[in-house]
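# Descriptive analysis of the structure
What follows is each chain in one-letter form.
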Amino acid sequence: MQNLEMTLEQTPLISIVDDDEAVREATKSLIRSLGYNAETFGSAEEFLAWTQIEDTDCLITDVQMPGLSGMDLQDRLLSAGHEMPTIFVTAFPDAKLESGL
């Protein structure tokens, strides 16, 4: 049993932030099928309120969401000292977004 516990603790955690529930659940299923742990959040604010942000090994976030955007989320995380690899996803790419990355 100890080996199983060690394996679960060592498995990277991917946090998924998206306001679209179907996208969150589909992404979570994909991440888990690849052998990773996944947590989902319906907004940037919900993720920022989570007490275990530091456990996140990689963040996948939608760019355009009500309230804080994915870009705003990254700015807040960096300001708070939380640096993590981040993957931005969007259904609405534009030139302004490309210049901001």
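Before reading further, recall that the structure is shown in the block above.
This text gives an overview of the structure that appears in the document.

What counts as what
- Residues numbered from 1 in each chain as written.
- Predicted model: local features only at pLDDT ≥ 70, side-chain atom pairs only at ≥ 80, totals over all residues.
- Heavy atoms only, no water.
- Phe/Tyr/Trp six-rings, centres within 6.5 Å; stacked < 30°, edge-to-face > 60°.
- Buried < 20%, exposed > 50% of the residue type's maximum accessible area, 1.4 Å probe, protein only.
- Pairing = 2+ DSSP bridges.
- Helix = DSSP H or I, 4+ residues; strand = E, 2+ residues; numbered from the N terminus.
- Axes fitted to C-alpha atoms, helices over the stretch in contact; angles between N-to-C directions.
- Contact = heavy atoms within 4.5 Å.

### Observations concerning the packing of aromatic side chains
One pass over the full model with this rule turns up 3 aromatic pairs. When the ring of phenylalanine 41 is compared with that of phenylalanine 47, the centres are 5.1 Å apart and the planes differ by 70 degrees; the resulting orientation is edge-to-face. Summarising the burial analysis for this pair, phenylalanine 41 and phenylalanine 47 share the class buried. Ring plane angle 55 degrees and centroid distance 5.0 Å describe the contact between phenylalanine 41 and tryptophan 50, whose orientation is recorded as tilted. Relative accessible area serves as the criterion here: at 4%, phenylalanine 41 is assigned to the buried category. The exposure class assigned to tryptophan 50 is buried, which follows from its relative accessible area of 17%. Each member of the aromatic cluster is reached from another via a ring pair, and the members are Phe41, Phe47 and Trp50.

### Quick notes on the sheet that holds strand E4 (residues 86–89)
In space, the 4 strands of this open sheet follow the order E2-E1-E3-E4, with parallel pairing throughout. Sheet topology places strand E2 (37–41) and E4 at the edges, where each strand pairs with a single neighbour. Neighbour to neighbour, the strand axes of the sheet diverge by 15 degrees on average, direction disregarded. In this structure, strand E1 (residues 13–17) lies alongside strand E3 (residues 58–62), joined through 4 bridges in parallel fashion. For isoleucine 16, the partnering residue across the bridge sits in E3 and is isoleucine 60. In the packing of helix H2 (residues 21–33) onto the sheet, contacts are made with E1, E2 and E3, and the angle to E2 comes to roughly 170 degrees.

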